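# Chains, contacts and geometry: an overview
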Amino acid sequence: MSTEPPARAPAQPPHWGRRWLLLPLLLGLAAIGGAVLWQQWRQERELFVSITSWPANEYLYLAEQKQLGRPFGIDLRIKQSSSLADQRLAFVRGDVDVMATTLPEAIAVCQEAPARCPQLVLVLDESVGADRLMARVGLSTPAALAGRQVGLERTVLAEYLLLRSLEGLPVAIDDLQLRFEGPVALVELLRAGEIDAVVTYPPYDFPLRQDPRFHELFSSRRMPGEVVDVLAVAPEMARTRKPALQALVRTWWAAQAYARRHRTESVGLMAQRQQISPGEFQQSELGLRYPNPSQQRRLLAADGPVARAIGGMANLLRTARRIQPDAPLPQVTTAFLVEP
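Residues numbered from 1 in each chain as written. Predicted model: local features only at pLDDT ≥ 70, side-chain atom pairs only at ≥ 80, totals over all residues. Heavy atoms only, no water.

## Quick word on the overall build of the protein chain
Within the protein chain one finds 13 helices and 12 strands. Here the protein chain, with 340 residues, has 51% of them falling under the buried criterion. In the protein chain, the proportion of contacts linking residues at least 24 apart, taken out of those at least 6 apart, comes to 79%. Surface exposure of the protein chain reaches about 16700 Å², of which carbon and sulfur atoms provide 54%. (Helix = DSSP H or I, 4+ residues; strand = E, 2+ residues; numbered from the N terminus. Buried < 20%, exposed > 50% of the residue type's maximum accessible area, 1.4 Å probe, protein only. Contact = heavy atoms within 4.5 Å. Areas by Shrake-Rupley, 256 points an atom, 1.4 Å probe, with all protein chains shown as cover.)

## Regarding the side chain of Asp-196
Structurally, Asp-196 can be placed in the loop between helix H6 (183–191) and strand S8 (197–200). Engagement of the side chain of Asp-196 in a polar contact is seen with the side chain of Arg-136, the distance being 2.8 Å. If near-sequence neighbours (up to four positions away) are discounted, Asp-196 is found in contact with Met-134, Ala-135, Arg-136, Leu-139, Arg-148, Gln-149 and Leu-190. (Polar contact = N/O pair within 3.5 Å; in protein donor to acceptor, adjacent residues only side chain to side chain.)

## A word on helix H2 (residues 58–65)
Taken across its 8 residues, H2 has 7 buried, putting it largely inside the fold. Against strand S1 (46–51), strand S2 (75–80), strand S3 (98–102), helix H9 (242–261), helix H10 (263–274) and helix H11 (278–284) lie the buried residues of H2. Positive backbone phi, at 55°, marks Gln-67, one or two positions downstream of H2.

## A short note on the pattern of salt bridges
Using the criterion set out here, one finds 23 salt bridges in the structure. Linking Arg-70 and Asp-75 is a salt bridge whose minimum nitrogen-to-oxygen distance equals 3.6 Å. Overall, Asp-75 belongs to the buried group, its relative accessible area being 8%. Here Glu-167 ties to Arg-164 by a salt bridge, and the two come within 2.5 Å at their closest N and O atoms. (Salt bridge = Lys/Arg side-chain N within 4 Å of Asp/Glu carboxyl O.)

Dropping the structure here:
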């Protein structure tokens, strides 16, 4: 019989049990780190854009729904505002850094928050009749509104359109009785006979345009190149997220292209969101013109049409004492323009 002692089991590495106890902790930390990195990556891709109810803005909604920004490295997220005034206030507060808005509203931001005075990076559309002054039949010209109640939203665009409609007439905006309400309420007030005229636009104006009791006194068709919608960007956003904003421009062109290829589907989706029929949506677009990519550099040149329109608007608004003479103005830029 062997007298050799039994072989000893291999010695366990010191603290082996403790190492096993550390493994779940390490895995947990790795998972947390991965989640943080993923969240950071997602936030870097996300780009929020504020819009209001307006036919052209629905192409941004279309881009969001069809995820058209993802091939360009952004995840587009739409923030809906109930009115231009609410949208402007959100931009002034810093709640949003990119908005699809009008030139007068961009001018107003510079008046209210000079540090947030936006850069204009893309022209989305030009209103060639979509913004209008509607009145009761019997009031034949804007001059007939003297002493009458005129409804409008509390926006710079609405006041600017009124100012332009009265230009050259022996009537000033202070001669009108202005009543400020939301776009739906304004139309109902006019239909109920409680006011005499209203500044309106699609999709809200359809009941008035189909009612023989009302007619158009003035529209953006008589002020070409002035009522344009733009992408307005906060200065800090323009400084720090140039690739994302260039991707947003590409996404806009992708939405336009998608709508051309899938017209019935796209119009149906955009009209449903505006709570109108596809036919009404297409009718509302008759009052709009969409500049193509080749026109953008001319429009946004330092001495181009948009810059000149801003200067003319500012002069009229200063004369009417709607803005201060020393307020800065939005700056046009071609730095973010890219081919589709």
